[in-house]
Amino acid sequence: MFRRADLSLQVGPKYDVIYLITKYGYIHLYDIETGTCIYMNRISGDTIFVTAPHEGTSGIIGVNRKGQVRC
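A brief look at the structure comes next. (Residues numbered from 1 in each chain as written. Predicted model: local features only at pLDDT ≥ 70, side-chain atom pairs only at ≥ 80, totals over all residues. Heavy atoms only, no water.)

## Things to note about the pattern of salt bridges
Enumeration over the complete set of coordinates arrives at 1 salt bridge. We note a salt bridge from K66 to D46, for which the minimum N-O separation is 3.6 Å. Of this pair, K66 sits in the loop between strand 6 (59-64) and strand 7 (69-70) while D46 sits in the loop between strand 4 (37-42) and strand 5 (48-54); the two residues are 20 residues apart in sequence, bridging distant segments of the chain. Residue class for K66 comes out exposed when judged on its relative accessible area of 63%. (Salt bridge = Lys/Arg side-chain N within 4 Å of Asp/Glu carboxyl O. Helix = DSSP H or I, 4+ residues; strand = E, 2+ residues; numbered from the N terminus. Buried < 20%, exposed > 50% of the residue type's maximum accessible area, 1.4 Å probe, protein only.)

Here it is in structure tokens:
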């Protein structure tokens, strides 16, 4: 039986970085070639429920339960 994943994964092609955001507001950045964790931190105390690529910066944006946009 499969369970729904509580994370979002986006690839930033400009810097070859993988952005992984968890449901509980943590962001993890990984180097796409080596898989090395570059950065990890909590960006929101509330549940992140939607993310999308931010093409202008080759980054990621997310919206939490309060409606705050996190970049």
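Read on, since the account is not over.
## A short note on the side chain of N64
Of note, N64 is situated in strand 6. A distance of 3.1 Å separates a polar atom in the side chain of N64 from the backbone nitrogen of K66. Looking at N64, its side chain comes within polar contact range of the side chain of Q68, at 2.8 Å. Contacts of N64, omitting those with residues within four sequence positions, involve S44, D46, T47, I48, F49 and R70. (Polar contact = N/O pair within 3.5 Å; in protein donor to acceptor, adjacent residues only side chain to side chain. Contact = heavy atoms within 4.5 Å.)

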